[in-house]
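Remarks on the overall topology
Below are the chains, spelled out letter by letter.
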Amino acid sequence: MTSTPKDKKALIEAVRAAAHRQVDKWVDQQVEMLNAPTLPTLRQMSDQFMQTRTTLLGGCLQEIVNQLTASYRQQELAACPHCEKNLKRHSLNTKTFNTLQGSITLERPYFYCRDCKAGFYPLDEALELADKAYQYDMQEKMLRLGIESPYAISADLFKELTGLSPSDHCIHETLNRIGHLAPIEEVIPSAEEIERRIAAATSSSEEKPVLVVASDGAHAPTRPKGGRNSRRGPGKWREAKGFRLYLLDGKERIVQIASWHQIQDAAHFTKDLEVVAGRIPQDRVRIALLGDGADWLWTAMTKCFPKAHEVLDYYHCAEHVHKVAKLQYGDTLEGQQWTEATITRLFMDQTGFAIGGLKRMQPSGAEAMKEIKKLINYLGNHKHRLAYQECKDNGLPIGSGGIESANKHICHVRLKRSGAWWLENNGNTMLRLRCALYNGTFDIALRPLQWHL
Ligand SMILES: [Zn+2]
């Protein structure tokens, strides 16, 4: 629908007149404050504005929408979007829509095609209205709060900051609905974006930057879905498997590439890691894989990055050594010396000597024997992942602190709240959105907000 400059001028004047009416209404709401015997503080004035702002802003929004949509609201004929048959207006239906500026109410022509058995509102489509009462601007803010704080707190904060009060259930529902639509392909940065981050971390004179691929499991509190008439089953701790890829630019700076955590099995974890591996230009970086002793993560990482350097997380490894020392020697100087000697051997790539030493040990008891055997197996299995000194010489990391902090910030901070037990799907939705935030893809993951849901 086109309009001439003259139409536009008339429109602007009509909006001006309508807005003046809203200002009058709003000024009426200030009379009490203006009549007060003492000077109100600026804080009091601002609070008063907050309480009455939807009169002004919501009112003006309603007026502008009314002016701009006049032709839609009077529409009596429309073509069926499926069969193109000409349809007469079926009815006028009124609905209220909530925005950050306040609520507006619209009477919208409804059309129904009997042949296609489908109805539609041309005005809703033209304005790209969400079919929920809360519009996309509100949904986006609800989501932003909901991924940081428990839903009840999010609802309180929302009210405090905007004066509007969606329920905590509404925030919960919005988050699950939108988050459900954010797949790994959207949450992980695109190949172009990853290229850009690698280029930024690469300076021409230096060697290739180090790309750390670290994997780990975190404990997530989950619960089964309750039956219609039964109580919910007991909660259960399950493993959220996660990976984090980040660049070391040689200046001890970490450049985030991608984080991904889901409560899922090893096969799905591998598939997900393949998605991000497919976006990494593997010849442009030196890749270090980091993990603890869990088999699933090594199987997945070596499949996705076959030429990478493998490093057993030093801190996990040292913890095993300390455990044996404590059981075998107690808190003694001998124990300390043995620990230092063993760790030095691991650093010097002398794992064979370290294992030999363990084998010659006379266990002080059954428990010590068990741990000694465990450590022998552990070192034997991960022998090729233990050359710590070589790593240091080549600028490769030996500890996966990066993934541990991701575990904390992505999983624990939001999932591990007292009394919170998550349905697997909802927990994973939360994890996806929180990963998107850390990956710098939150806006992309929010794209469904621009669509008709
Ligand atoms: Zn039709």
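A quick note: this is a predicted structure, and the numbers were derived from the prediction, not measured.

1. Observations concerning the sheet that holds strand β1 (residues 77–79)
Strand order in the open sheet formed by four strands is β1-β2-β3-β4, and the pairing between neighbours is antiparallel. The open sheet is flanked by β1 and β4 (118–120), the only strands paired with a single partner. Ignoring strand direction, the axes of neighbouring strands in this sheet form an average angle of 45°. Across three bridges, β1 lies against strand β2 (residues 86–99) in antiparallel orientation. Of the residues in β2, the one forming a bridge with Ala78 is Leu87.

2. A look at the pattern of salt bridges
Across all of its chains, the model carries 18 salt bridges by this definition. Residues Lys85 and Asp115 are paired through a salt bridge, measuring 3.2 Å at the closest nitrogen-oxygen approach. Here Asp115 lies in the loop between β3 (102–113) and β4 and Lys85 lies in the loop between β1 and β2, a separation of 30 residues in the sequence. Using a relative accessible area of 35% as the deciding quantity, one classes Lys85 as partly exposed. Under the relative-accessibility criterion, Asp115 is labelled exposed at 56%. Arg108 is paired through a salt bridge with Asp124; the nearest N and O atoms lie 2.9 Å apart. In this pair, Arg108 is assigned in strand β3 and Asp124 in helix α4 (residues 122–126), connecting sequence segments 16 residues apart. Of the two residues, Arg108 and Asp124, neither departs from the other in class, the shared state being buried. What you see here is one network of salt bridges that share partners, running through Lys132, Glu173 and Arg177.

3. Side note on a nonpolar patch on the surface
Together, Val23, Val27 and Leu34 make up an exposed nonpolar region whose accessible area comes to about 240 Å². Within the element layout of this structure, Val23 appears in helix α1 (residues 5–35).

4. Observations concerning the domain arrangement of the protein
In terms of domain boundaries, the protein breaks down into domain 1 (5–68), domain 2 (72–129), domain 3 (184–313 + 399–445) and domain 4 (316–385). Distance from the C-alpha centre of domain 1 to the C-alpha centre of domain 4: 75 Å.

5. Digging into the nonpolar core
Ranked by size, the top nonpolar core spans 97 residues in total, and within it Leu245, Leu273, Phe305 and Tyr388 carry the most contacts. When residues of this core are assigned to domains, at least three fall in each of domain 3 (184–313 + 399–445) and domain 4 (316–385). In this structure Phe305 touches Val213, Leu245, Leu273, Ala277, Ile280, Gln282, Ile287 and Leu289, once residues within four positions along its chain are discounted.

6. Some words on the coordination of the zinc ion
Cys80 (SG), Cys83 (SG), Cys113 (SG) and Cys116 (SG) make up the full set of protein donors to the zinc ion, lying at 2.3 Å. For the zinc ion, the four donor atoms in the first shell make angles of 107 to 111° at the metal, so the coordination geometry reads as tetrahedral. Take Cys113: its relative accessible area is 0%, and that puts it in the buried class.

7. As for helix α2 (residues 42–68)
Taking 1.5 Å of rise per residue, 27 residues should cover 39 Å, and α2 covers 36 Å from first to last C-alpha, within 8% of that figure. At Thr52, α2 shows its largest kink, close to 55°. Listed as buried for α2 are Gln48, Thr52, Arg53, Thr55, Gly58, Gly59, Gln62, Glu63 and Val65. Elements in contact with the buried residues of α2: α1, β3 and α6 (151–162).

8. Overview of the pairing of strand β6 (residues 236–248)
Across 13 bridges, the pairing between strand β5 (residues 210–222) and β6 is antiparallel. Pairing of Val212 across the sheet is with Tyr246, part of β6. Pairing analysis gives nine bridges linking β6 to strand β7 (residues 254–263), with the strands arranged antiparallel. If you follow Tyr246 over to β7, its bridge partner there is Gln256.

9. Observations concerning the packing of aromatic side chains
For the structure shown, the criterion picks out eleven aromatic pairs. Seen from their ring centres, Trp237 and Trp421 are 5.5 Å apart, and the 65° between their planes marks the pair as edge-to-face. Of the two residues, Trp237 sits in strand β6 while Trp421 sits in the loop between α17 (401–415) and α18 (424–439), which places them 184 residues apart along the sequence. Relative to Tyr388, the ring of Phe347 lies with its centre 5.6 Å away and its plane at 50°, an arrangement referred to as tilted. Residue Phe347 is located in helix α13 (residues 333–347), and its partner Tyr388 is located in helix α16 (residues 388–393); the two are separated by 41 residues in the primary sequence.

10. Some details on the environment of Gln139
When you line up the elements, Gln139 lands in helix α5 (residues 136–146). The buried category is assigned to Gln139, whose relative accessible area is 1%. C-alpha separation for the pair Gln139 and Leu446, spaced 307 residues apart in sequence, amounts to 9.8 Å.

11. With respect to the sheet that holds strand β8 (residues 286–291)
Across the sheet, five strands lie side by side as β7-β6-β5-β8-β9; this open sheet has mixed pairing. Looking along the sheet, the strands with just one partner apiece sit at the ends: β7 and β9 (309–312). The sheet shows a mean angle of 25° between the axes of neighbouring strands, taken without regard to direction. Sheet strands in contact with helix α9 (residues 191–201) are β6 and β7, and its direction is about 140° off that of β7. The sheet contacts of α18 involve β6 and β7, and relative to β7 the element is tilted by about 175°.

Conventions and cut-offs
Residues numbered from 1 in each chain as written. Predicted model: local features only at pLDDT ≥ 70, side-chain atom pairs only at ≥ 80, totals over all residues. Heavy atoms only, no water. Pairing = 2+ DSSP bridges. Helix = DSSP H or I, 4+ residues; strand = E, 2+ residues; numbered from the N terminus. Axes fitted to C-alpha atoms, helices over the stretch in contact; angles between N-to-C directions. Salt bridge = Lys/Arg side-chain N within 4 Å of Asp/Glu carboxyl O. Buried < 20%, exposed > 50% of the residue type's maximum accessible area, 1.4 Å probe, protein only. Patch = residues over 30% accessible without salt bridge, like charges linked within 9 Å, V, L, I, M, F, W, Y side chains within 5 Å. Areas by Shrake-Rupley, 256 points an atom, 1.4 Å probe, with all protein chains shown as cover. Domains from an automatic or database assignment. Core = buried A, V, L, I, M, F, W, Y, C linked by side-chain atoms within 4.5 Å. Contact = heavy atoms within 4.5 Å. Donors = N, O, S within 2.8 Å, 3.2 Å for Na, K, Ca; no water. Tetrahedral: all angles 85-135°; square planar, octahedral: opposite > 155°, others 65-115°. Expected span 1.5 Å × (residues − 1). Bend = angle between axes of the 7 residues up to and from the residue. Phe/Tyr/Trp six-rings, centres within 6.5 Å; stacked < 30°, edge-to-face > 60°.

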